[in-house]
Structures are given as structure tokens and as C-alpha cells.
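# Overview (structure and organization)
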There are 2 protein chains.
Amino acid sequence: MKHFLPLDDLIAALEKLPGIGKRSAERMALALVQNRDGLARKLAHALLVADEQVGSCSRCGSITVTKENPCALCTDGRRATGLLCVVESPGDIMKIENSHSFQGRYHVLGGHLSPALGKSVADLRVNELLSRLQPDGIEEVIIALGTDVESEATVSYLAEVLTSRKVKVSRLAFGLPSGSAIEYADATTLQRAIQGRQAL
Amino acid sequence: MKHFLPLDDLIAALEKLPGIGKRSAERMALALVQNRDGLARKLAHALLVADEQVGSCSRCGSITVTKENPCALCTDGRRATGLLCVVESPGDIMKIENSHSFQGRYHVLGGHLSPALGKSVADLRVNELLSRLQPDGIEEVIIALGTDVESEATVSYLAEVLTSRKVKVSRLAFGLPSGSAIEYADATTLQRAIQGRQAL
């Protein structure tokens, strides 16, 4: 593609985005340079603004996109202060916020325990979590981690250290995902849905 | 997502990329602002460079990404001048160039005839095509359009006007795609592969 060389940097950068392969990156690059509404410039501008404004909240560990520290979620007076939701990443906070189902505060672990990736307790923001329990007046911690084996191990570990600090600990419910049929549920999901059955 | 508002512009711009929905755009935005290798800045830079350098070739109608006019493909002395490949879009040129199977010149139509989209002959670069036949010494035109009904109609139309100008006209072969099994071929593809069978 020597005749398209000046697009190569753009394609290479787009290819680094999650879920984007070479073909999609090429298609995007072409769409961007051919777009007549100035999409390339708009996207470049949005990237520079976001990059300029993004920071890290020293309290919850999430990204803060307005250079506020602590972030807007940590300082929002309308949110319950005693209720803390522990998540892996800032993206999880976005998901939960979009669900409008939680009105407390967050704490980002920065991953889960993973011997394979060499992630131990020291690599997670566990000390930061423990040290904010008392000053923040946390009464209940909801652990919102996934259901894979490593996340399970992380949940067990966190539950142990948190209950020893006299904090109420819960985790997200297991069960059938919304809109799914029994037919498509795997055995483990069904097993857990039965174990966690709810009285009507 | 009021707490992520400064990311909204970024997500909105990413959502306009081909094949990207809201979820992918959110995932990309988060990956971009959390990336530690400066991916956001690199992508922004590549976008601005590409946007700055991109132009349109007055001869073939393709994009020219170095502000040369005519473009590098049109002026490359090593390419056959009498052989012209007619495509819908610059992306098609990229595909054909990547296949290393064509060494002539290109002409971008800018779409195909489409009553539904209100695209008539006047909206395609047909006059530009006809007016370059003689000065460019075109002897053969390969029509590289798709196989949907509207593309077929466009091929028929082009074949008619081009043969009346005493130019040899061909189109891409129909047949089984590479690496596919008879089992997965649809009836029309099989029919055309049989009609176009090649002597061994």
C-alpha cells in the first residue's frame, strides 16, 4: 500500500484500540479522511481534550476527567457515604452508573488477583480500600467483581479482610442474565440461579 | 453518565466510525484515556496529519494523501497506462492494491446507480471516465463493482457506454471465493461458477 503511506500512522493507531483489527482500522481510516463533516478534526479535538483533562482520583482510584481530585463521584453530596462498591476498573463504574442502580461511592481495585499475570494483593488498591473504611464511615461494601476463578479468589480474599474490620460485605447476585432463556444458560449459571432463588 | 461528561464528546465522535456502536465507543474512550503510551495523543496527531494531507485526485477521483494532484497512482510511470480499473470508492483501490494483482490505473465512480438513494448517472463520475478515455489512451476498462442488483445495473450501463466508444470492457470474474467449500456456496454463486468454468 505504498501509495497510501501517509494513512499508515492513522491505521496503526486505530489498530491499537480494543477490538479493532487491521481491516476495521483501514475502514475507519478511510471513512475518517473521506468524511465531509470534519469528523477527523472533531475526533482529534475530543482526544486532545480528554487526554488533557484526564487524571486519577486519589480517593477512589477511578479516572477523573475534569482534573478534580477527589473526583465528582467521591464528592457528590447526594450519594450515600456509608455504602462502597468495589470494582475492578473505571469502566465498571461507567457500567454501573448507566444502570442507575447504585447511589453510594466507588473504589477501584485496578484488577483482580492473578498469579498468571503476576498480580498479587500489593498490586491492587487494597490498602487504599482498608484505609478509607474508617475515615469515610463505610458501613457496607458491595464487591462487584466478575465470576471467573480469579475474580472469585479476589472476592474471597476481600470478604475475609473486610469482615475482620466489622464491615458488612456483600457481592453482586448470581443468576440468569436479563432476557435470557433457561435453554441457553450454562450449568454453573443454572446451579447458582437455583441456589440463589428468590422467594415470591 | 453525568460524571463522565467530558468523555461524551470523545464517545460521540468514536460512535460515528463505521461499525462502532455505543458500547464499543465507550470501551475505546476508556482505553484511550487510560492508555499510558500516549495513544490518545498519537491518534489525535495521526488524525490531524491525515486530515491536513488528504485531498482529492482530479483525474481518478480517489483520495490523495500527500496533496499531490494528480495522485501518485495516476502519475506512477511503471503502471500500464492503457488499462483502467473502475471502482466505487478509494477503499476498493486499497483492497486491489493490497492484492498486488493489478498494474494499471484507476477510476473512482463514487458509488453505484441507486434509485433508492437517489443516485443517478449524473451523481457518478461517468463523464470524467468518458472524457479521459482518449487523452489517457485507455484500451481496456475492467469494471470492478460488486454483485448486488444495483451494482449489476451500473455494470450494464457502463458496459454499454464504454463499448460504444470502442473500448474493450471486462468485469471481475464470478465464482467461488478463495478457501470456501461448495457446501457453503449459495445457489447464485454456484450457478455463476459453473457458467464461468475454466478449462484445465
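Rules of the game
- Residues numbered from 1 in each chain as written.
- Chains lettered and ligands numbered in written order.
- Predicted model: local features only at pLDDT ≥ 70, side-chain atom pairs only at ≥ 80, totals over all residues.
- Heavy atoms only, no water.
- Pairing = 2+ DSSP bridges.
- Helix = DSSP H or I, 4+ residues; strand = E, 2+ residues; numbered from the N terminus.
- Axes fitted to C-alpha atoms, helices over the stretch in contact; angles between N-to-C directions.
- Contact = heavy atoms within 4.5 Å.
- Core = buried A, V, L, I, M, F, W, Y, C linked by side-chain atoms within 4.5 Å.
- Buried < 20%, exposed > 50% of the residue type's maximum accessible area, 1.4 Å probe, protein only.
- pLDDT = per-residue confidence, 0-100.
- Expected span 1.5 Å × (residues − 1).
- Least-squares fit on C-alpha atoms with pLDDT ≥ 70 in both.
- Salt bridge = Lys/Arg side-chain N within 4 Å of Asp/Glu carboxyl O.
- Right-handed = clockwise from strand over helix to strand, strands pointing away.

Residues and elements named next belong to chain A. Read from one edge of the open sheet, 4 strands run β4-β3-β5-β6, paired in parallel fashion. Looking at strand neighbours, the two that pair on one side only are β4 (105-108) and β6 (168-171), the edges of this open sheet. Taken over all neighbouring pairs, the strand axes of this sheet differ in orientation by 25 degrees on average, direction set aside. Bridging between strand β3 (residues 83-87) and β4 involves 4 bridges; their strand directions are parallel. Bridge pairing in β4 places Cys-85 opposite Tyr-106. The strands that helix α6 (residues 126-133) touches are β3, β4 and β5 (140-143); relative to β4, the one it contacts most, it runs at about 150 degrees.

Looking now at the nonpolar core. Formed by 48 residues in total, the largest nonpolar core has its most connected members in Leu-7 and Leu-10 of chain A together with Leu-7 and Leu-10 of chain B. Mapped by element, the contributors of at least two residues to this core are α1 (8-15), α2 (22-34) and α3 (39-53) of chain A together with α1 (5-15), α2 (22-34) and α3 (39-53) of chain B. For Leu-7 of chain B, the contacting residues outside a window of four places in its chain are Ala-50, Ile-63, Val-65 and Met-94 of chain A together with Leu-30 and Val-33 of chain B.

With that settled, consider the side chain of Thr-189 of chain A. All names here are of chain A. Along the chain, Thr-189 turns up in helix α8 (residues 187-195). Take Thr-189: its relative accessible area is 19%, and that puts it in the buried class. Excluding residues within four positions of it along the chain, Thr-189 makes contact with Gly-175, Leu-176 and Pro-177.

All names here are of chain A. When pLDDT is averaged across chain A, the result is 89; 97% of the residues are at 70 or more. The least confident element of chain A is α8, whose mean pLDDT is 82; the most confident is β4, at 96. Among the scores for the predicted complex, ipTM is 0.73 and pTM is 0.72.

Our next topic: α2 of chain A. Each full turn of the α-helix corresponds to 3.6 residues, which orients residues three or four apart in the same direction. Given a rise of 1.5 Å per residue, 13 residues ought to cover 18 Å, and the 18 Å separating the end C-alpha atoms of α2 of chain A matches this to within 8%. The set of residues buried in α2 of chain A consists of Ala-25, Glu-26, Met-28, Ala-29, Leu-30, Leu-32 and Val-33 of chain A. Residues of α2 of chain A that are buried sit in contact with α1 and α3 of chain A together with α2, α3, β2 (63-64) and α5 (90-98) of chain B.

Here the focus is the relation of the copies chain A and chain B. The two copies are related by a screw operation: chain A maps onto chain B through 179 degrees of rotation and 0.0 Å of translation along the axis, at an RMSD of 0.2 Å. Such a combination of rotation and displacement between the chain copies is what one expects of a two-fold axis. The position closest to the rotation axis in chain A is occupied by the C-alpha of Ala-44 of chain A, lying 2.1 Å away. A share of 100% of the interface residues of chain A reappears at the interface of chain B, consistent with the copies meeting face to face through the same patch.

This part is about the pattern of salt bridges. All names here are of chain A. A full pass over the atoms with the stated rule returns 16 salt bridges over all chains. For Glu-140, the salt bridge goes to Lys-168, with nearest N and O atoms at 3.8 Å. Here Glu-140, found in strand β5, pairs with Lys-168, found in strand β6; they are 28 residues apart in sequence, far enough to count as distant. Put simply, Glu-152, Arg-171 and Arg-192 are held in one network by salt bridges that share partners.

Residues and elements named next belong to chain B. A sheet is described by the order of its strands in space; here 4 strands give the open sequence β4-β3-β5-β6, paired in parallel fashion. The open sheet terminates on both sides in strands that have one partner only, identified here as β4 (105-108) and β6 (168-171). With direction set aside, neighbouring strand axes in the sheet form an average angle of 25 degrees. Its contacts with the sheet put α5 on β3 (83-87) and β4, and the angle it makes with β4 is roughly 155 degrees. Strands β3, β4 and β5 (140-143) of the sheet are contacted by helix α6 (residues 126-133), whose axis makes an angle of about 150 degrees with β4.

Attention now moves to the pairing of β3 of chain A. Residue and element names in this part refer to chain A. Here β3 lies mainly inside the structure; 4 of its 5 residues are buried. Inspection of the sheet shows β3 paired to β5 by 4 bridges, in the parallel sense. Across the sheet, residue Val-86 finds its bridge partner in β5, namely Ile-143. One crossover worth recording links β3 to the parallel β4 by way of helix α5 (residues 90-98), and it is right-handed.

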